[in-house]
Amino acid sequence: MAIAASLTVLPRADGSATFKSGLTTVIASVNGPMEVKSRDELPDKTFIEVNVRPAIGVGGTRERALESLIVSALSPLILRTHHPRTLLQIAVQLVEAEDHSDTTAILPVCLNAAMLALIDAGTPLASVLIATTVFLNVDKEGNSSSKHVVAYAKGGRCVFAESTGSFDEAEFARAVEEGRRECALDAREDVDMDGKETVGMVVRRVIEKKVEADMRWKEL
Amino acid sequence: MPKERERSNNERSFLFGALNEGLRLDNRGFDCFRSLELRFGHEFGFADVRLGATRVIARVSGELAKPLPDHPFDGIFTIASELGVMGSTAVESGRFSNEQEVVLARLIEKSIVRSNAVDLESLCIVSGQHCWHIRADVHFLNHDGGLLDACAIAVAAALQHFRRPDVSVQGGMVTKYTLSERVPVALSIIHIPICVTFSIFGNEWDMTLLDATLQEEHLRDGEMTITMNRYGEVCQIAKAGGLSIHAGALRHCIRKALVKVEDVTTFLFKRLEEDQIQRARLDNKLECADDYRRPSAPTNILH
C-alpha cells in the first residue's frame, strides 16, 4: 500500500497537507486560531470546527459522521486552552478514493492528513496522532471479518479505535497490537516490519524534511 | 469568519503606478494567462487544474435517474460549485454567504449548462423513465483569482475525461454494466465553452488585464467575463456593473478572448491525449500480468 504525504500544499491556508494511501487521496487545510462566531465562542478554549467534503456530491450523513469522528480523535491532542475564544477550522477534502462509500478506508487517511495540516499550521499540540486500518482474517477475495481504524499517539498509546464487523476481545487486542506496529514511528522500537516503511515513519520523514527546510537560516 | 482584508492605499497606488508604466506586478503581459497545469486522476472524470496559484478540482459522476417531466427525452446535467472553507476563510460552509459565490455559481451554470455543452438527448435511456444524471462537482482548493476561468477549464477537462458505464435496454428492462464488464462510454459533448475574465482598471486611459491574481481582483474597478468556444461562438458575456467599457474595446476583448480560448482548448486536447496514452500503457501492463483475472461482477438491473 503506497503511502505518501506532503506539507504546505495550499499557499493561503495557515497549514495544509496531502495524505495518500494506495488510491485514496485526501487534502486537509487548517486555519486558525481565528475569529469565532459569538454563538460558538468558548470562554476558556478554542472552538474546533471540522468540515469534510466528499469528492462527489455535497456531503450528507456520512460526512457528518466523519466530522464527528475526526473531532473526537483530534480535540484531546490540541492544546485548546492556549487560545481561548478563538476558532480552529479544519477542512478535509476527499480528492480520490478507491471506494467512496467505505468510511473505514477513508477515515485514517483523513485523520493523518488533518494531523499533518495541524503540524504544518503550528497549532499547539500535545502529541502526534498516526492512524491506520487493520483488516482481520482476510480471505482470498479480500474480504475481512472485521475492520478496525486505530490511531496511536506518543509512546504507542492507542487513543482512537473505531471497528466494524464481528470480532471478540482477543481479536480486538490483536488488531490494536497490529495497528501499533503499523503506526510505529521508527524501526528501533520493539517492532518487526520486514523492511517496509510504516505510516509513522512516512509522517516522521515528511515533518523532519519540513523542519530542516524551515531551520535553514540557522546554518547561515 | 474573518472577512477578506481590505487592500491598503499603498498597494492600490503601487499597482496603478505600475500599470501606468505598462508593468504588471508579476511581470506578465497584460494579455497573458498564468501558467496552466492540468492533471487527471486514475478515476474517470477527475481533473485538477492549477492556474498560477489558484487550484480547482472538478469531478464528473453519473447516476441513473428519472427524466424531468417536461423534458422526457433529455437527461440531466448539473454543476455544483460551492466555494467552501478550504478555498477561502471568508466563506461559511453549507450555504452561499456572499454575492460573489452566487455570481460564480450562476455564471458557471450559464456558461456550461445553459449553453448546451453536453448533449442531453444522448443521456436519455428510456424516454420518460430512465436517463443519466451527469453531475459535475467543483472544489476550490486555493483562491488566487481567476476562479471562474479555472473552474470552466476544470469542468471541460473532467467532462471530456469522464466515461459513463454502458447500458442496454431489452423490453422494459435496463441493464447497467460495470466499468470492467463493458468498455465505458464517453459523453457526447457538443462544444467546449471556456471563460475568459477581463479586469478593467480606470486610469488616464482604461486598460484591461487578463487572468487577474487575487490582489488585482480586489483592486480592479470593473470586470467582464466572456465565455466562448474555439469556433468563435460567444456563449455569454457577463458585465454586471463596475467601470464602463467602450463598445469598440468590447469587440477587441472578444477577439483577444478567442485567441486565449483556442490556446486553452488545444492544450486541453493535448493533455487528454497524453493521459489516454498513459492509461493504455497501464492497461496493457495490467492485462499481461500473471495474476490478472477478468473480474465477473454482478450487473445492475432495473425495470
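Conventions and cut-offs
- Residues numbered from 1 in each chain as written.
- Chains lettered and ligands numbered in written order.
- Predicted model: local features only at pLDDT ≥ 70, side-chain atom pairs only at ≥ 80, totals over all residues.
- Heavy atoms only, no water.
- Helix = DSSP H or I, 4+ residues; strand = E, 2+ residues; numbered from the N terminus.
- Buried < 20%, exposed > 50% of the residue type's maximum accessible area, 1.4 Å probe, protein only.
- Contact = heavy atoms within 4.5 Å.
- Areas by Shrake-Rupley, 256 points an atom, 1.4 Å probe, with all protein chains shown as cover.
- Pairing = 2+ DSSP bridges.
- Axes fitted to C-alpha atoms, helices over the stretch in contact; angles between N-to-C directions.
- Patch = residues over 30% accessible without salt bridge, like charges linked within 9 Å, V, L, I, M, F, W, Y side chains within 5 Å.
- Salt bridge = Lys/Arg side-chain N within 4 Å of Asp/Glu carboxyl O.
- Buried area = accessible area lost by both parts, 1.4 Å probe.
- Polar contact = N/O pair within 3.5 Å; in protein donor to acceptor, adjacent residues only side chain to side chain.
- Core = buried A, V, L, I, M, F, W, Y, C linked by side-chain atoms within 4.5 Å.
- Parallel < 35°, antiparallel > 145°, perpendicular 65-115°, else oblique.
- Left-handed = near helix turned anticlockwise from the far one by under 90°.
- Nonpolar A, V, L, I, M, F, W, Y, C, P; charged D, E, K, R; others polar.
- Phe/Tyr/Trp six-rings, centres within 6.5 Å; stacked < 30°, edge-to-face > 60°.

(A) Molecular detail of the overall build of chain B. Counting its regular elements, chain B contains six helices and 15 strands. Projected onto its principal axes, the C-alpha positions of chain B cover 70 × 50 × 40 Å. Counting every position in chain B, which comprises 303 residues, the buried fraction comes to 48%. Sequence-distant contacts in chain B: of pairs separated by 6 or more residues, those separated by 24 or more amount to 71%. In the structure as shown, chain B presents an accessible area of about 14900 Å², 51% of it carried by carbon and sulfur atoms.

(B) Focus on the sheet that holds strand β13 (residues 222-228) of chain B. All names here are of chain B. Taken together, the four strands give an open sheet; going across it, the order is β12-β11-β13-β14, and neighbouring strands pair in antiparallel fashion. The open sheet is flanked by β12 (206-210) and β14 (234-238), the only strands paired with a single partner. Neighbour to neighbour, the strand axes of the sheet diverge by 20° on average, direction disregarded. Direction of pairing for strand β11 (residues 194-202) relative to β12: antiparallel, over a ladder of five bridges. Its bridge partner lying in β12, F198 is registered against L210. In this fold helix α3 (residues 99-113) packs onto β11, β13 and β14, with an angle of close to 160° to the strand it touches most, β14.

(C) Examining a nonpolar patch on the surface more closely. Judged by side-chain polarity, V211, M215, W217 and L220 of chain A come together as a nonpolar surface patch covering roughly 500 Å² of accessible area. By the element assignment, V211 of chain A lies in helix α4 (residues 199-214).

(D) How the structure looks around the interface of chain B and chain A. Taken together, the contacts link 28 residues of chain B with 27 residues of chain A. In total, chain B and chain A occlude about 2400 Å² of area from one another, counting both sides; carbon and sulfur atoms represent 54% of this. For the pair chain B and chain A, the interface holds zero salt bridges. In this assembly, chain B and chain A are joined by eight residue pairs in polar contact (both at pLDDT 80 or more). Elements that contribute at least two residues to the side of chain B that touches chain A include exactly β3 (54-65), α2 (84-87) and β6 (130-142) of chain B. Per-element accounting of the side of chain B that touches chain A gives the leading share, five residues, to β6 of chain B.

(E) Here's a closer look at the sheet that holds strand β6 (residues 130-136) of chain A. Residue and element names in this part refer to chain A. Here we have three strands laid out as an open sheet, ordered β6-β7-β8, and antiparallel in their pairing. Looking at the sheet topology across the chains shown, the edges are occupied by β6 and β8 (158-165). For this sheet, the mean angle separating the axes of adjacent strands, direction not counted, is 15°. Relative to strand β7 (residues 146-152), β6 runs antiparallel, the two sharing seven bridges. By the bridge assignment for β7, T133 is matched with V149. The strands that helix α3 (residues 169-182) touches are β6, β7 and β8; relative to β6, the one it contacts most, it runs at about 135°.

(F) The nonpolar core, seen in detail. Grouped together as the largest cluster of nonpolar side chains are 58 residues, with contacts concentrated most on I134, V155 and L159 of chain B. Looking at which element gives the most residues to this core, the answer is helix α4 (residues 147-161) of chain B, with 12 residues. Setting aside chain neighbours within four positions, we find V155 of chain B in contact with A58, I79, I112, A136 and V138 of chain B. Judged by nonpolar contacts, the second largest core, of 51 residues, contains V50, L88, L111 and I207 of chain A.

(G) Region of the structure containing the packing of α4 of chain B against helix α6 (residues 247-287) of chain B. Residue and element names in this part refer to chain B. Their axes nearest at 11 Å, the elements α4 and α6 cross at an angle of 40°. Regarding the angle of α4 to α6, the classification is oblique. Of the two elements, α4 crosses α6, and the hand of that crossing is right-handed. Contacts between α4 and α6 involve I153, A156, A157, Q160 and H161 on the former and, on the latter, V264, L268, F269, L272, D275 and R279. Looking at the contact of α4 with α6 residue by residue, the classes come out as seven nonpolar, two polar and two charged.

(H) The arrangement of the packing of helix α2 (residues 103-121) of chain A against α4 of chain A in detail. Residues and elements named next belong to chain A. Axis separation between α2 and α4 bottoms out at 11 Å; the angle between their running directions is 20°. Looking at the two axes, α2 sits roughly parallel to α4. Here the hand of the crossing between α2 and α4 comes out right-handed. Contact with α2, carried on its side by N112, L116, I119 and D120, involves V199, V203, I207 and K210 of α4 and no other residues of that element. A class-by-class count of the residues in the contact of α2 with α4 yields five nonpolar, one polar and two charged.

(I) Seen up close, unusual backbone geometry. Residues and elements named next belong to chain A. Geometrically, the link from G32 to P33 is a cis peptide bond, its omega value of 0° lying close to zero. One can find P33 in strand β3 (residues 24-34). Phi at R85 takes a positive value of approximately 60°, unusual for a residue other than glycine. The topology assignment puts R85 in the loop between α1 (61-74) and β5 (86-96). Of note in the backbone geometry, N137 takes a positive phi value of approximately 55° without being a glycine. A residue is classified by how much of its surface remains accessible, and N137, at 41% relative accessible area, is partly exposed.

(J) Highlighting the environment of G87 of chain B. Following the sequence through the fold, G87 of chain B ends up in helix α2. Sequence-wise, G87 of chain B and E37 of chain B are 50 residues apart; in three dimensions their C-alpha atoms are separated by 18 Å. G87 of chain B has contacts with R12 of chain A together with F140, L141, N142 and H143 of chain B, leaving out every residue within four places of it along the chain.

(K) View of the packing of aromatic side chains. Under the criterion given, the structure shown has two aromatic pairs over all chains. Geometrically, the ring pair formed by F167 of chain A and F172 of chain A is stacked, given 6.0 Å between the ring centres and 25° between the ring planes. Taking relative accessible area as the criterion, F167 of chain A reaches 34% and is therefore assigned partly exposed. With a relative accessible area of 29%, F172 of chain A lands in the partly exposed category. Judged by centre distance (5.7 Å) and plane angle (75°), the rings of F16 of chain B and F201 of chain B are edge-to-face. Separated by 185 residues along the polypeptide, F16 of chain B in helix α1 (residues 9-20) and F201 of chain B in strand β11 bring together distant segments of the chain. You can call F201 of chain B buried: its relative accessible area is 0%.

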